[in-house]
Amino acid sequence: MRVLVVEDYEPLRKSVVQGLSEAGFAVDSSNDGEEGSWYARSNDYDAIVLDIMLPTVDGLTILNRLRKAGDKTPILLLTAKDTVDDRVSGLDLGADDYLTKPFAFEELLARVRALARRRYEKPDPIVRVLDLELNTVSRTVKRAGSPVDLTPKEYALLEFLAMRAGEVVSRTDVWEHIYEFHSEAQSNVVDVYVGYLRKKLEGVDQPRLIHTRRGQGYVLGEAD
């Protein structure tokens with residue numbers, strides 16, 4: 001899952017970015033409202049963490065612009081303000097959640113995970129596809145009840161495919177959701193990681209879970 005963090009207080013921004021990265025998210029970040037707005041318009045994020053008080057363009061203006069443009073990306077507002085009016089203003093403009101500073105990172109992480117799942121209509125933290133089970137909180141995987149040991153990038157790829165189970169997911173979609181903006185793209189990296197997943201998930205007596213659609217991408221689930 002890919003998240004944008006727009007926060008001008010550098011120590012907090014770095015802390016949130018590091019924490020989300022360690023939790024397995026691909027994270028882009030900005031300390032400026034205008035740049036953050038450009039990031040939000042230019043990329044497809046699974047969630048946005050947006051401070052209200054920002055230089056150049058404030059968070060509420062960014063939120064309003066995105067919603068008027070039809071952008072439905074889940075947005076969590078961060079602010080030092082704690083009055084009812086501030087919360088109401090943000091929610092009325094289309095924010096999905098609201099967190100007042102100071103906050104515990106564990107709470108922010110739980111809220112971001114919930115927003116990302118909501119985007120794919122997966123409210124349950126346990127995602128199941130056939131005999132595959134992903135725990136999106138502990139980031140663990142089982143197939144037919146047996147644990148599967150995955151690297152962070154392998155898990156990120158599998159989670160994204162699971163969120164869109166039954167749909168054809170293009171290589172471009174995968175790249176845009178599990179790699180940061182400044183990552184160096186390699187033409188075959190998605191194919192390589194799909195190969196790794198298949199080796200770990202699909203044993204001799206187990207049916208294939210990840211199916212290739214030539215010229216289109218991949219589908220997680222039953223074969224047509």
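Below or above, wherever it landed, is the structure these notes cover. Fair warning: this is a prediction, and the values are worked out from it, not measured in the lab. (Residues numbered from 1 in each chain as written. Predicted model: local features only at pLDDT ≥ 70, side-chain atom pairs only at ≥ 80, totals over all residues. Heavy atoms only, no water.)

### Regarding the overall build of the chain
And then number 1: From N to C terminus, the chain includes eight helices and eleven strands.
And then number 2: Relative to its length of 224 residues, the chain is compact, with a C-alpha radius of gyration of 18 Å against a globular reference of 17 Å.
And then number 3: Per-residue burial over the chain gives 47% buried out of 224 residues.
And then number 4: Carbon and sulfur atoms make up 49% of the accessible area of the chain, which totals about 11,100 Å².
And then number 5: Each charge sign in the chain was given a centre, from 30 positive and 38 negative side chains, and these centres are 4 Å apart. (Helix = DSSP H or I, 4+ residues; strand = E, 2+ residues; numbered from the N terminus. Rg over C-alpha atoms; globule rule 2.2 N^0.38 Å. Buried < 20%, exposed > 50% of the residue type's maximum accessible area, 1.4 Å probe, protein only. Areas by Shrake-Rupley, 256 points an atom, 1.4 Å probe, with all protein chains shown as cover. Lys, Arg positive; Asp, Glu negative; His and termini not counted. Charge placed at Lys NZ, Arg CZ, Asp CG, Glu CD.)

### Thoughts on the pairing of strand 2 (residues 26–30)
And then number 1: Of all five residues in strand 2, four are buried, a share of seventy percent or more.
And then number 2: Where the polypeptide runs from strand 1 (residues 2–6) across helix 1 (residues 10–22) and back to strand 2, its parallel neighbour, the crossover connection is right-handed. (Right-handed = clockwise from strand over helix to strand, strands pointing away.)

### Remarks on the packing of aromatic side chains
Pairs of aromatic rings are described using the distance from one ring centre to the other and the angle between the two planes.
And then number 1: All chains considered together, the criterion is met by three aromatic pairs.
And then number 2: On the numbers, 5.5 Å between centres and 75 degrees between planes, the contact of Trp-38 with Tyr-39 is edge-to-face.
And then number 3: Overall, the relative accessible area of 6% leaves Tyr-39 in the buried class. (Phe/Tyr/Trp six-rings, centres within 6.5 Å; stacked < 30°, edge-to-face > 60°.)

### Considerations on the sheet that holds strand 9 (residues 146–148)
And then number 1: With antiparallel pairing, the four strands of this open sheet are ordered in space as 6-7-8-9. Two strands lie at the open edges of the sheet, namely strand 6 (126–129) and strand 9, each paired on one side alone. Adjacent strand axes in the sheet meet at a mean angle of 25 degrees when their direction is disregarded.
And then number 2: In this sheet, strand 9 lies alongside strand 8 (residues 140–143) in antiparallel orientation, the contact comprising three bridges. Bridge pairing links Val-141 to Val-148 in strand 9.
And then number 3: Along the sheet, helix 6 (residues 152–163) contacts strand 6, strand 7 (132–135) and strand 8; its crossing angle with strand 7, the most-contacted strand, is approximately 110 degrees. (Pairing = 2+ DSSP bridges. Axes fitted to C-alpha atoms, helices over the stretch in contact; angles between N-to-C directions. Contact = heavy atoms within 4.5 Å.)

### Focus on unusual backbone geometry
And then number 1: The peptide bond linking Lys-101 to Pro-102 adopts the cis configuration, its omega dihedral lying at -5 degrees.
And then number 2: Structurally, Pro-102 is set in the loop between strand 5 (97–100) and helix 5 (105–119).
And then number 3: With phi around 55 degrees, Leu-130 is a residue other than glycine that occupies positive phi space.
And then number 4: One non-glycine residue, Arg-139, lies in the positive phi region at around 60 degrees.
And then number 5: Overall, the relative accessible area of 23% leaves Arg-139 in the partly exposed class.

### What to know about the nonpolar core
For soluble globular proteins, the rule of thumb is that nonpolar side chains tend to be buried together.
And then number 1: Of all hydrophobic cores here, the largest spans 50 residues; its most connected members are Leu-20 and Leu-108.
And then number 2: Filtering out sequence-adjacent residues up to four positions away, Leu-20 remains in contact with Val-3, Val-5, Phe-25, Val-27, Phe-105, Leu-108, Leu-109 and Val-112.
And then number 3: Formed by 17 residues, the second largest nonpolar core is a distinct cluster that contains Ala-40, Ile-52, Val-57 and Leu-77. (Core = buried A, V, L, I, M, F, W, Y, C linked by side-chain atoms within 4.5 Å.)

### Concerning the pattern of salt bridges
Side chains that carry opposite charge are capable of pairing whenever their charged atoms lie near each other.
And then number 1: Scanning all chains against the criterion turns up 18 salt bridges.
And then number 2: When the shortest N-O distance is used, the salt bridge between Asp-44 and Arg-119 registers 2.7 Å. In this pair, Asp-44 is assigned in the loop between helix 2 (33–42) and strand 3 (47–51) and Arg-119 in helix 5, connecting sequence segments 75 residues apart.
And then number 3: For Asp-44, a relative accessible area of 28% translates into the label partly exposed.
And then number 4: For Arg-119, a relative accessible area of 29% gives the class partly exposed.
And then number 5: Linking Arg-208 and Glu-202 is a salt bridge whose minimum nitrogen-to-oxygen distance equals 3.2 Å.
And then number 6: When salt bridges that share partners are traced, they join Glu-7, Asp-51 and Lys-101 into one network. (Salt bridge = Lys/Arg side-chain N within 4 Å of Asp/Glu carboxyl O.)

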